[in-house]
Amino acid sequence: MTASPTTSAPARPTAPSNPSLAEHEQVIHCSDPASGLRAIIAIHNTALGPALGGTRFYPYATDDEALADVLRLSRGMSYKNAVAGIPHGGGKAVIIGDPSTLKTPELLRSYGRFVESLGGRYVTACDVGTYVQDMDVVAETTRFATGRSLENGGAGDSSVLTAYGVFQGMRAAAQHTWGEPTLRGRRVGIAGVGKVGRILAGHLVEDGAQVVVTDVNAAAVTALQAVHPGIETSGDVAALVRDDLDVYAPCALGGALDDDTVDVLRARIVCGGANNQLVTEGDGGTADRLVARGITYCPDFLVNAGGVIQVSDELRGFDFDRAKVGATAIFEHTLEVLRTADERGETSAAAADHIAEERMRAGLSTIWLPHR
Ligand SMILES: NC(=O)c1ccc[n+]([C@@H]2O[C@H](COP(=O)([O-])OP(=O)(O)OC[C@H]3O[C@@H](n4cnc5c(N)ncnc54)[C@H](O)[C@@H]3O)[C@@H](O)[C@H]2O)c1
């Protein structure tokens, strides 16, 4: 176990892509040969409260790869939680191995004991490779697992409020760009109509937008069109981004915005649920290229925070209406970021990072400790 408490928020102005160990408050290696568990829990910063972030279960090729991923992801959660205005710092965990062969109730319970050992400094949730049912098992050995099923006192599927929050962010970008908080009459292209994209499509149809979608899974598109027959389809993502769109909503995988995509985009706004959309972060990167093309970019971690707002609410005894109020605030948060970016002459990505850092600096001056 490595522990290096910090007394202030991370100093770097704009989140670089490879954070160091020293930038994190605490990093814990977890090993339990009996169940085959090997995991790393990374707590990046607790200035705003206990660290909150999901558990990724993934067959990393090396331990170094796993460590680099968990450091990057946990730092991202500090920024996401700070911008979302929830009382949580940033943390994340990775379980090393192939979930299809390694995942057992014993392993998940063992993992839960490591989470419990931190006394609440880290609260876990679902991520790639872990599901609501897994969090139910993890919660058998720790009080600090969210993302559980409704039957087990949890909040269930987080994509409902994630999609709702993305819609609120898009309304704010419409207000900022066209002076009205509505997508009525706008043409919106959604890449990926899985759990988040299809719910987002429903909000947009209801708001009066013209929606065009694409997905590698034809069944997902067919199912969506059965509910909303007016939705159009595009051949693939390459065709969609060249379409005469007003708004582009990446809702599939990360890395949606590379230079080639930005160069051909016709949309005035990019706002979607996918994580890590910018291929090149920082100065001179993709965010600058979007600004140069006059495209308003809604930072992904800002607009897709509905899910984390939901699991944060779960810690208080889940109340959907209360969590929805939190996700509705993504409208105001997005407006604030877009206005701040204009005022300061920086990209929206940099403005969101800076707002998060200012909040972390105004938080606790020492690490967050569980109440005794
Ligand atoms: N579900 C949540 O609560 C949540 C919260 C925050 C962020 N996100 C992010 O939002 C994104 C979508 O999440 P989800 O839960 O809807 O996932 P999902 O797997 O349910 O949906 C993703 C969809 O994208 C499609 N897709 C994959 N590659 C594609 C491609 N090349 N072209 C077109 N379609 C493609 C898939 O077929 C699938 O239908 C992910 O990046 C995820 O990390 C999700």
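Residues numbered from 1 in each chain as written. Predicted model: local features only at pLDDT ≥ 70, side-chain atom pairs only at ≥ 80, totals over all residues.

A. Representation of helix α12 (residues 306-314) in the model. Burial analysis of α12 places 9 of its 9 residues in the buried class, which makes it a mostly covered element. Where the residues of α12 are buried, they touch β4 (51-52), α1 (63-84), α5 (159-178), α13 (320-328) and α14 (330-344). (Buried ≥ 20, exposed ≤ 12 C-beta atoms within 10 Å, placed from the backbone. Helix = DSSP H or I, 4+ residues; strand = E, 2+ residues; numbered from the N terminus. Contact = placed C-beta atoms within 7 Å.)

B. Quick peek at the packing of α5 against α12. One can describe the packing of α5 onto α12 by two numbers: an axis separation of 7 Å at closest approach and a directional angle of 135 degrees. When the axis of α5 is compared with that of α12, the two are oblique. Considering how the two elements wind past one another, α5 and α12 form a crossing that is right-handed. Contact with α5, carried on its side by Ser-159, Leu-161, Thr-162, Tyr-164 and Gly-165, involves Gly-306, Gly-307, Ile-309 and Gln-310 of α12 and no other residues of that element. Here the contact of α5 with α12 is built from residues that sort into 3 nonpolar, 6 polar and no charged. (Axes fitted to C-alpha atoms, helices over the stretch in contact; angles between N-to-C directions. Parallel < 35°, antiparallel > 145°, perpendicular 65-115°, else oblique. Left-handed = near helix turned anticlockwise from the far one by under 90°. Nonpolar A, V, L, I, M, F, W, Y, C, P; charged D, E, K, R; others polar.)

C. Structural detail: the pairing of strand β8 (residues 187-191). Most of β8 is tucked away, with 4 of its 5 residues classed as buried. Both β8 and strand β9 (residues 210-214) contribute to a ladder of 5 bridges, which runs parallel. Paired with Val-188 across the bridge in β9 is Val-211. In the sheet, β8 pairs with strand β11 (residues 247-250) via 4 bridges, with the strands oriented parallel. Following the sheet pairing, Ala-191 is matched in β11 by Pro-250. (Pairing = 2+ DSSP bridges.)

D. Here's a closer look at the site of the ligand. Gly-192, Gly-194, Val-196, Ala-252 and Gly-307 are the nearest of the 25 residues found near the ligand. Only α5 and α6 (195-207) provide two or more residues apiece to the shell around the ligand. With 3 residues, α6 is the single largest residue contributor to the shell around the ligand. When the residues that make up the shell around the ligand are grouped by side-chain class, the tally is 10 nonpolar, 13 polar and 2 charged. (Near = placed C-beta within 6 Å.)

E. Seen up close, α14. Taking 1.5 Å of rise per residue, the 15 residues of α14 would be expected to cover 21 Å, and the 21 Å separating its terminal C-alpha atoms lies within 8% of that figure. Every buried residue of α14 is accounted for by Ile-330, Phe-331, His-333, Thr-334, Val-337, Leu-338 and Ala-341. One or two residues past the end of α14 sits Gly-345, with phi positive at roughly 65 degrees. (Expected span 1.5 Å × (residues − 1).)

F. Structural detail: the domain arrangement of the protein chain. Each assigned domain of the protein chain is listed with its residue range as follows: domain 1 (2-152) and domain 2 (159-314 + 323-353). Domain 1 and domain 2 are separated by 26 Å when their C-alpha centres are compared. Top element by residues in the side of domain 1 that touches domain 2 is α1. It accounts for 6 residues. Tallied by class, the residues present in the side of domain 1 that touches domain 2 amount to 8 nonpolar, 8 polar and 1 charged. (Domains from an automatic or database assignment.)

G. Layout of the packing of α5 against α6. Contact pair α5 / α6: the axes reach a minimum separation of 8 Å and the direction vectors enclose 50 degrees. Classed by the angle they form, the pair α5 and α6 counts as oblique. Remark: the crossing between α5 and α6 carries right-handed chirality. Residues Ser-159, Val-160, Thr-162, Ala-163, Tyr-164, Val-166 and Phe-167 of α5 form the contact with α6, whose own contacting residues are Lys-195, Val-196, Ile-199, Leu-200 and His-203. Class assignment of the residues belonging to the contact of α5 with α6 gives a composition of 8 nonpolar, 3 polar and 1 charged.

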